[in-house]
Every structure is written in C-alpha cells, then in structure tokens.
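Spelled out, the chains give:
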Amino acid sequence: MIYADNAATTPVSDSVLQAMLPYFSKEFGNPSSLYASGRRAKRALESARETVADCLDARPDEIFFTSGGSESDNWAIKMSAKKGKETGKTHLITSEFEHHAVLHSLRSLESGGFTVSALSVHEDGIIRPEELKAALRPETALVTVMTANNEIGTIQPISEIGALCRGAGIPLHTDAVQAAGILPLDVKAMNVDFLSLSAHKFHGPKGVGALYIRKGAGISGLMDGGAQERGLRAGTENVAGIVGLAVALKEACENRKACADRLTAMRDRLIQGALKIPGTRLNGDPVKRLPGNVNLSFEQVEGEALLLLLDQNGICASAGSACTAGSLEPSHVLRAIGLSEPLAHGSLRLTLSCQNTEAEVDEILQILPDVIMRVRSLSSQ
Ligand SMILES: Cc1ncc(COP(=O)(O)O)c(C=O)c1O
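Residues numbered from 1 in each chain as written. Predicted model: local features only at pLDDT ≥ 70, side-chain atom pairs only at ≥ 80, totals over all residues. Heavy atoms only, no water.

Chemist: Mind showing me how you'd approach the site of the ligand here?
Modeler: Around the ligand, a shell composed of 13 residues is seen, among which S70, D175, Q178, S198 and K201 lie nearest. The side chain of K201 places a nitrogen or oxygen atom 2.6 Å from an oxygen atom of the ligand. Look at the ligand: alone it shows 390 Å² of surface, and the protein chains cover 84% of it. Per-element tally for the shell around the ligand: the top contributor is helix α3 (residues 69–86), with 3 residues. The class makeup of the residues in the shell around the ligand is 2 nonpolar, 8 polar and 3 charged. (Near = heavy atom within 4 Å. Polar contact = N/O pair within 3.5 Å; in protein donor to acceptor, adjacent residues only side chain to side chain. Areas by Shrake-Rupley, 256 points an atom, 1.4 Å probe, with all protein chains shown as cover. Helix = DSSP H or I, 4+ residues; strand = E, 2+ residues; numbered from the N terminus. Nonpolar A, V, L, I, M, F, W, Y, C, P; charged D, E, K, R; others polar.)

Chemist: Looking at this model, I keep getting lost on the pairing of strand β2 (residues 63–66). Mind explaining?
Modeler: Consecutive side chains of a regular strand alternate in pointing toward one face of the sheet and then the other. Of the two faces of β2, the one lined by I63 and F65 and the one lined by F64 and T66 are each fully buried. Where β2 meets strand β8 (residues 209–213), 4 bridges bridge the pair, whose relative direction is antiparallel. Note that in β8 the partner of I63 across the bridge is Y212. (Buried < 20%, exposed > 50% of the residue type's maximum accessible area, 1.4 Å probe, protein only. Pairing = 2+ DSSP bridges.)

Chemist: Any chance you could explain helix α11 (residues 303–312) here in plain terms?
Modeler: Helical geometry note: an α-helix holds 3.6 residues per turn, so side chains three or four residues apart project in the same direction. Inspection of α11 places G303, L306, L307, L309 and L310 among the buried residues, and these make up the whole buried set. Seen along its axis, α11 keeps its buried residues to an arc of 165°; they face one direction. Exposed side chains of α11 directed beyond 90 degrees from the buried face belong to L308 and Q312. Among the structural elements, β10 (293–298), β11 (315–316), α13 (341–345), β14 (347–351) and α14 (358–379) are those in contact with the buried residues of α11. (Arc of directions from axis to C-beta. Contact = heavy atoms within 4.5 Å.)

In structure tokens form, the structure reads like this:
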C-alpha cells in the first residue's frame, strides 16, 4: 500500500506512541489532582506546553490545548467575534478557500448579525494582501486567513497580511493546521494573534490540537466548565494526546529542513511525471506550495472513479469532491481558483510525508497513466 493522503491524516510515529503510552496506564493521574500522580501528569502537560511554545516562538502561557484544528478555529473566530461585538465591531474577513471549520464558524456568525467579506483567491491559489487592505474597515473584528491550503497546498503571505492587520489594530487568526511541522512557524514574525494547529497532521494522534493566543489578545473561552487551561478551556486534559502532540511537533520541527528538501524533490518529480499525461494540469502555484502537496486535474476524468482505481492498485489519495447530502459537490477550493466544474470533479490530491519514499513516487508514476487511460475509456463508453 502507498499512503499518499497525508493532508487527511498521518500515522502516529513510533517515538510519539512510546511517549504517549505511560499516560494511558501507569501515569493515568488527572492533572488537577493534588497528589503525586496528578502532579506528574500536570508536569507532563506543562512540559508539553513549553515544547509547543518553543516550536512557535511563543510563550508557554500563550498555548492552549484543544481537541484539534476544528475546535481551535471555532474558538479563535467565535470568541474574537464576541469580543468585537462588545465594541460594535461586527465585520469579519476571510478568504473563499478556507477549511469548513473556518467557513462554517463564520456562517453561523452571519446568522447572528455579523457581516463577512470573503477575499477572492487568484488562479495561483494565493490571496493578495492589497485586496485584504482594501477590505479592512474600522468595524472589522477579525481577519482569518489560512497559512497553507489543505487541498492545493498554496502558502499565503501571512506575515504581510499580519503587518497590515497590526497597522490597522485588527487581530489576525491563521489556520496553520496544514503548515504546522512542515513550514517554519514563528508567531512573532507572522504577526498573528491566534494560530490553530492539529497533531494528527504531523504524525501525532487524532483529537488533539492547540490554539496560540497572543498575550494581551484577550478572548474568552469557548467551553464552559472547570478551570483547566487557566480557566479558558474546560474539560479534563487529554494528557496522553497532548504529550504526543508535543513530541510529534518537536520531531517535526527538528527534522523540518531536511524533510522539506526531500519532500520538495519528491513532489516536483511527481508533478513533472504526472504532467506528461495528456490533458493534465497542476492546481495552485508550482513553487509557493507545501513541499508534499500535488494537486492535479485531468480532463475527461471523474475523480471518484479515479480514486477507486487507484485504491485497487494500492494507492491511497483523495479527490477535490466531497459527498454532500448524497450529491457530489465540486471542491469550493478548486472553484475558488477558477476551475470549471468538470475539471474540479476530475481532480486528484496526492500528499506526501517524509515516511514516503522515492520508490513509491516512481510506482505512482508508473500506475497513474494507465489508470487515467482506463477511467477515460470507461467514461467514454
Ligand atoms: C486546514 C485545516 N483546518 C482545520 C482542519 C480540522 O482539523 P481537525 O481534524 O483536527 O479538527 C483541517 C483538517 O483536515 C485542515 O486541513
């Protein structure tokens, strides 16, 4: 089996698993308990917080653990909106191709009286800071723009956007779920106030993430209940998951440069090879994209059929369509960069991690042309 769907999720690495295991059994204490095992769990939690803060150039008291990217996005957006509303700020800015955790959070705020401006995404899959500048208003409560897109991998000019927001006194949230552990993330250089990440995208466990909240950004918590996470995120902490997140992020940060170089070489080899198939295009900028992301569209190809045939050949990948209420909706990301509906339907996302090998890339390139030919001949029958 060749796993080429690392943007969907990644396998937990062995060292991460080993670091987590004691916290399910021997070290099962609740970090809020005052006796020794509770104190040890608390220490593990705080040490994880320091590790995450180090990787982001943040302070430990700016890191809050959550259940993943979706919760972090919901928290930053909804609580910034709540804060804005207190001073009459009811305008929010985003881009058209954010993850649904962002877009649907904004949609629910719209029905509560907020106005949302969605910046258009250019054909290269990158938004333009000058267009963001023009959209800023005195009543803007928050700007939320992702660091890198989950489908086409394009990297956004976050530091520039952040500088514009800072200049206007408007907070900036970035969904860095696809970028964490892969791109260098420095919250100060990025000029961000809030940053979301999720462990399962960088060889950590599922169901655990973090939100960076800049000291002084002052938003309230999303979850009501106990006083965990300095009173801002109620609920007994997922100690094993948080330990796993920190180990995975540390490993990813330590190996980042070498891994990115390897991935870039594999990605470009895959792109060049795939583009030899007639009627193929690459979606998104060829360079300003995540080092492991390949997103292609094939003329006269139905994405679902393509995925099934690839699966039969042992290749796990994904397409730019999501099954919504029984009908296949073309991806909002591919539509946002101007793809026609048929091309959006005929898309394929292959996302590599450093656990992939060059031999696997070669195997994909060997199988892909045949599979495309078969899908085309089936659809023309
Ligand atoms: C860009 C982006 N944001 C948010 C999420 C949601 O993260 P989680 O699965 O941890 O809730 C994902 C997951 O696919 C993502 O790719």
